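The lines below spell out each chain.
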Amino acid sequence: MSPDQVERCAAFLYGARSQDRILERIPAALKPQSLSDAYAVQDRLFTMLGDCTGGWFLGCTNPDIQRQLGMTHPYAARLRKSAVHPSPVHLEVAPALPMVLEVEFAFKLGEDLPARGKPYSMDEVVDAVISVHPAIEVVISYLSDWTRQPFFDLVADNGTDGALVYGEGTTAWQKLDLDFIDATLVVDGARVQSGSGQNIEGGPLTMLVWLANHVSRKGVGLKAGQICNTGSCTSIHYVEKNCTATATFTHLGEVSVNLSPSPANEEQG
């Protein structure tokens, strides 16, 4: 993609976000043709959003979700600082937008992992993590039927970001085997999903190392205080706009979010 195409694609995606409207597709003339194109659009879109980086998240780390999207590797995107919330929290969401919940491990960094030429090792990344938290990612896509959209388009649209809600967690996380921590998702009193760290390809820590090296290669690096989640340990779960969801993790505790439609958008509809 030319710089002009990157700019126009990012502006097209930004327009949908600013108006809370769904896009059927990215126009052919603006579509990213490679993963590097998609990340270039993603970077420009995030700048347009005018928010700070609260952390980073991974998508497509769960083999079931990889099969749904027709992919074999993860992708990464920034978390907007304004979209990262401690549990419990009430969030208002645009009624027109489809919404999915994912149950994830979230890692809070106590030290920087700056950009460098040498890849980070597992030990270095582990030493930088101050705490691990149960989390629910509220996935909101501005692309219609997003699981059937071209993969590069999803990456360009900041990875179908929405919000991240995290529970209290623990600083004694190194005593735990995250791969064997079980998690369940309950929505309005009904258990709807279950899984474990084993459902994340290579395990949560392996994916965190992948993320640290991805962000390092971008010349950015991870920073102390940021929260990073490593993909869903359950299948995706579509929800209505009025609901309360709680995810419970063995040894990590729980995280809860209440969702309701935005009144302003209800009036517009």
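Above this text is the structure in question.
Residues numbered from 1 in each chain as written. Predicted model: local features only at pLDDT ≥ 70, side-chain atom pairs only at ≥ 80, totals over all residues. Heavy atoms only, no water.

Undergrad: Requested: an account of the packing of aromatic side chains, with residues and values cited.
TA: Enumeration according to the criterion identifies four aromatic pairs in this entry. Judged by centre distance (6.3 Å) and plane angle (90°), the ring pair of Phe107 and Trp173 falls under edge-to-face. Placement of the pair is Phe107 in strand E5 (residues 99-109) and Trp173 in the loop between strand E8 (163-166) and strand E9 (182-187), with a sequence separation of 66 residues. Residue Phe107 is classed as buried on the basis of its relative accessible area of 0%. By relative accessible area, which is 2% here, Trp173 ends up buried. Three or more aromatic residues joined by ring pairs make a cluster, and in this case those are Tyr75, Phe151 and Phe152. Positioned over the ring face of Phe46 is Arg78, at 5.5 Å from the centre of the ring. (Phe/Tyr/Trp six-rings, centres within 6.5 Å; stacked < 30°, edge-to-face > 60°. Helix = DSSP H or I, 4+ residues; strand = E, 2+ residues; numbered from the N terminus. Buried < 20%, exposed > 50% of the residue type's maximum accessible area, 1.4 Å probe, protein only. Lys NZ or Arg CZ within 6 Å of the ring centre and 35° of its normal.)

Undergrad: Tell me about a negative patch on the surface, residues and numbers included.
TA: Taken together, the side chains of Glu111, Asp112, Asp123 and Asp127 present a region of like negative charge at the surface. With respect to the helices, strands and loops of the structure, Asp123 is situated in helix H4 (residues 122-128). In this structure Asp123 comes out as exposed when scored by relative accessible area, which is 58%. (Patch = residues over 30% accessible without salt bridge, like charges linked within 9 Å, V, L, I, M, F, W, Y side chains within 5 Å. Areas by Shrake-Rupley, 256 points an atom, 1.4 Å probe, with all protein chains shown as cover. Salt bridge = Lys/Arg side-chain N within 4 Å of Asp/Glu carboxyl O. Lys, Arg positive; Asp, Glu negative; His and termini not counted. Charge placed at Lys NZ, Arg CZ, Asp CG, Glu CD.)

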